[in-house]
Amino acid sequence: MSIENKNVVSSYFGAMTFDQKAMRARLPKEVFTALQDTIRAGREITEEIAGVVAHGMKEWAMDNGATHYTHWFQPMTGSTAEKHDAFLSIDRDGTPIERFSGEQLIQGEPDASSFPSGGMRTTFEARGYTAWDPSSPAFLMKGGNCVTLCIPTVFISYNGEALDAKTPLLRSMNAVSKASLRLLETLGTKGVSRVKTFAGVEQEYFLIDKKFYSERPDLIMCGRTLLGALPPKGQQLEDHYFGAIPDRVLEFMQEVEHELYLLGIPAKTRHNEVAPHQFEIAPLFEEANVATDHNLLIMEVMRKIAEKKGFALLLLEKPFAGINGSGKHNNWSIGTDTGVNLLDPGDTPEKNIQFLVFLVAVLKGVYKRADVLRMSISSIGNDHRLGANEAPPAVVTVFLGDLLERVLDAIESGKIDLKTEKQVLNLGLSQVPVVNKDYTDRNRTSPFAFTGNKFEFRAVGSSQAVSVPNMVLNTLMAEAVDEMADTIEAKVKAGKDRDSAILETLREEITATKAIRYPGDNYSDALQQAAKERGLPNLKNTPEALRVLESKDVQSVFVKYGVLSVEEIESRLNIRLERYVKGVDIEARTLQLMLKTLVIPDVSEYQGDIGSSFNNLLSASDEIGLSKAALKSQAGHYRTLAENLSLLIDLTAELDEVVEKLETLDGEFAKADYCANTLLPFMLKVREVADRLELMVDRSRWQLPTYSEMLFEH
């Protein structure tokens, strides 16, 4: 590819993707049309169509250098998985030939025994199946000198239970579509056959030099620093946000974008974030399941390019204490297959009534299931980030903006006029106030903010796959939409005209959900007090948040909409508890290792050198009192650190002794609570002493790369 063409992104966008352009070139017209119609309708692909598609996909992949294919899926590990099979086959007569059948395209059979199942199966039950998701395009992934055809799939057990994050997401998309079609029919909207949810996922991340990363056991093992004193300058001058991008980083970004464009991923925005050496990449909106796949690919591509460029990519939510962490702003919207965004006011009264109904449905869903939404983004890394005066708090609230607040207040109070200076859209009902087309400012402190024609779920962690948050959003929306349709239909059946039934339902739900709307500063103490007064859940850590999944009411909504069975919910609860406990345990043991092999030896050696020259200092210094005090302080911190290390070793060992029967769910929660309430706070106490000692030891004697080096040296 020439330099000229490389700069014209549209000339190669999606070249490594089996998209509609590639399909048209490789498939018979009738097969291409049938496949697209089937995907749009959400129907099952027939074996006949699959066979033709498989042949065309194989020929396209091989023409682009592929020798193997894989079913690319999302096990419940938070990342992706793949098992590569060669196209090569041997005929009965010994003739080698490349084959790829419709059966191989539709279904694969990986060994599922070593993937987490949360107790749904035993380890000797190894069979699992991957099944093609035709709504997410197949793509070619380069690795070394190899090219592999990757086919996005779901992953299920022998008995059909979902062993992945993708299956529940697809189920939730079907659930919200079915419920929304019913509500649209109730509102009098015609001609819609499917409702879709969309996502645009802003990805924040840090880049540091690989040489520093390789010398930090905490970054290698845990993804975040467990020790490190803040530098004199951090982000207090606010000079990094939207600043000029360093050349070396810009080269990284350009290569990442080039690879993403080849994969058909519409990367749109790149910029410096708030913290030093923190950056962001943001794509255009796509259907939620495709956006989820693409976000996982973005992270994978960034890791590869970072390694190539001599960087280490840090995706964990809080890699540096005292420095802004990273989030993954999940912009979510809902629209029809006719191209109408249901969260955007339209050009007719009917469209604006429709907008208000779906807007209030979101409020209803978030208000009723705020605890489930909080659960969806809980993790070790996000626990360190949420509520740290840099990110949304653990309390989930909704920000709508001043004008929409006034509109909803006017509807609730029965006022008929709402005057604004800007051009407005009339709803066509004398009882209902007007809505302004430009109706919201931004509230960067809100965890769930309306930003024009979508909601921005800002509390999602940067390292997390967005399958779970979007699955929860879709499910709570399906429930809220169904309940609003029930109410409107009941009022009409009772004799009210449709417009009055809609307005009355809006008024009731606006009143019922008022507590979830919070226009102020979510970083402030006022929000914490407001949450208490309004009865909003305030789940401070992952164990608290995960307990939500034990609720029969919460389980029932996922079961009702066919998103998750009770067994699938319990398995996810077990997996997430186990991963939390193991993650904290790894952090505690890594901290011990660093103290034993790096920090304490460095401090001890430095103290010895100072002590041996102390007599010289006595005779040479006029400020001996100060020097003696400094040496005494350092020695005191050293003793405290050694004592704390011994206690930390004991506390870590006690983790396995918290309860007698560790195989029970109560036992797992007890371990998780111990991690959150005992082990992590003590690790922070140890860190405080070590960080003070870092500032007392000569830099030439301190082996660990410092915050100053990692954040300010490129």
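Thresholds applied
Residues numbered from 1 in each chain as written. Predicted model: local features only at pLDDT ≥ 70, side-chain atom pairs only at ≥ 80, totals over all residues. Heavy atoms only, no water. UniProt positions renumbered as here; feature names shortened; annotations may be inferred. Phe/Tyr/Trp six-rings, centres within 6.5 Å; stacked < 30°, edge-to-face > 60°. Helix = DSSP H or I, 4+ residues; strand = E, 2+ residues; numbered from the N terminus. Buried < 20%, exposed > 50% of the residue type's maximum accessible area, 1.4 Å probe, protein only. pLDDT = per-residue confidence, 0-100. Contact = heavy atoms within 4.5 Å. Polar contact = N/O pair within 3.5 Å; in protein donor to acceptor, adjacent residues only side chain to side chain.

- The name recorded for the protein chain in an unreviewed UniProt entry is Glutamine synthetase, from Pelodictyon luteolum.
- UniProt, in its Sequence similarities (unreviewed entry) section for the protein chain, records the words "Belongs to the glutamine synthetase family."

### Section: the packing of aromatic side chains
Next, step 1: For the coordinates displayed, the defined rule picks out 16 aromatic pairs.
Next, step 2: A centroid spacing of 6.2 Å and a plane angle of 50° characterise the contact between Phe13 and Tyr261, whose relative ring orientation is tilted. Within this pair, whereas Phe13 is found in the loop between α1 (3-7) and α2 (20-26), its partner Tyr261 is found in helix α9 (residues 247-262), the two being separated by 248 residues in sequence.
Next, step 3: A relative accessible area of 35% means that Phe13 is categorised as partly exposed.

### A few points about the confidence of the model for the protein chain
Next, step 1: For the protein chain, per-residue confidence averages 87 on the pLDDT scale, and 87% of positions sit at 70 or higher.
Next, step 2: Taken as a whole, residues 416-425 scores under 50 in pLDDT and shows 27 contacts with residues more than four places along the chain or in a different chain.

### Structural notes on the side chain of Gln555
Next, step 1: Residue position: Gln555 is located in helix α19 (residues 552-560).
Next, step 2: The buried category is assigned to Gln555, whose relative accessible area is 6%.
Next, step 3: Setting aside anything within four residues of it in sequence, one finds Gln555 in contact with Leu549, Glu550, Val566, Ile569 and Glu570.

### Regarding the environment of Ser79
Next, step 1: Among the structural elements, Ser79 can be located in the loop between β1 (68-72) and β2 (84-86).
Next, step 2: In this structure Ser79 comes out as partly exposed when scored by relative accessible area, which is 35%.
Next, step 3: Measuring from C-alpha to C-alpha, the distance between Ser79 and Gln464 comes to 8.3 Å, with 385 residues separating the pair along the chain.
Next, step 4: The residues contacting Ser79, other than those within four sequence positions of it, are Phe73 and Gln74.
Next, step 5: Among the polar contacts listed, one links the side chain of Ser79 to the side chain of Thr77, at a separation of 3.2 Å.

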